[in-house]
Amino acid sequence: MRAVLNKGGDLSRYGVADLIRGIARVMTKGYGKQAAFSVRTGTSLCGIRGTDVSVFFDPDADIVDYKLYEGVVEIKTPGLTTQLEAGNQLRVRGGVPEEPEALRDSES
């Protein structure tokens, strides 16, 4: 994973991590409403604010799996933004998001 984190004034925090392959679990808390952190994969971008989310990316299969344990995230794909809520998961295949579904009990 490659990360680029920029910190400006008190209200202008922004960070982005490029997930090249594999899985990352991101937990953010206490950065305020103006803070922004995103995980970018080949075909999608996940905006993270005060959440606990895991992102799995397989570039060979062009699949991204999002599992959201806490909070809300926005997942942007070409031409579409999908909101994912806590306790749900979403797969993006070839840049197209599938329908969100509930996490299994063993995953929540």
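Read on for a plain summary of the structure. The model shown is predicted, which means the values in this text are computed figures rather than measured ones.

For strand β6 (residues 52-58), a buried count of five out of seven residues is recorded, marking the element as mostly surrounded by other parts of the structure. Relative to β6, strand β3 (residues 22-27) runs antiparallel, the two sharing six bridges. Pairing of Met-27 across the sheet is with Asp-52, part of β6. Pairing of β6 with strand β7 (residues 63-70) involves seven bridges; the strand directions are antiparallel. When the sheet's bridge partners are listed, Phe-56 is paired in β7 with Asp-65. Counted along the chain from β6 to the antiparallel partner β7, the turn is four residues long, and its residue Asp-62 has a positive phi close to 55 degrees.

Before going further, it helps to examine the pairing of strand β4 (residues 36-40). Successive residues of a regular strand alternate their side chains across the two faces of the sheet. Burial of β4 is extensive: four of the five residues sit out of reach of the surface. Looking at chain direction, β4 and strand β5 (residues 45-48) are connected through four bridges and run antiparallel. Residue pairing in the sheet places Arg-40 in a bridge with Leu-45 of β5. As consecutive antiparallel partners, β4 and β5 are separated by four residues.

Despite not being glycine, Asp-62 shows a phi value in the positive range, around 55 degrees. Assignment of secondary structure puts Asp-62 in the loop between β6 and β7. Residue classification places Asp-62 among the partly exposed positions, given a relative accessible area of 27%.

On to the environment of Ala-36, then. With respect to the helices and strands, Ala-36 occurs in strand β4. For Ala-36, a relative accessible area of 16% puts it in the buried group. Spatially, the C-alpha atoms of Ala-36 and Gly-47 are 7.1 Å apart, while their sequence positions differ by 11 residues.

Next up on the list: the pattern of salt bridges. Scanning the entire structure with this criterion turns up five salt bridges. For Glu-98, the salt bridge is made with Arg-93, and the minimal N-O distance between the two is 3.2 Å. By relative accessible area, which is 36% here, Glu-98 ends up partly exposed. For Arg-93, a relative accessible area of 41% corresponds to the partly exposed category.

Thresholds, definitions, all that
Residues numbered from 1 in each chain as written. Predicted model: local features only at pLDDT ≥ 70, side-chain atom pairs only at ≥ 80, totals over all residues. Heavy atoms only, no water. Buried < 20%, exposed > 50% of the residue type's maximum accessible area, 1.4 Å probe, protein only. Helix = DSSP H or I, 4+ residues; strand = E, 2+ residues; numbered from the N terminus. Pairing = 2+ DSSP bridges. Salt bridge = Lys/Arg side-chain N within 4 Å of Asp/Glu carboxyl O.

Function cannot be inferred from these measures alone, as they are strictly geometric.
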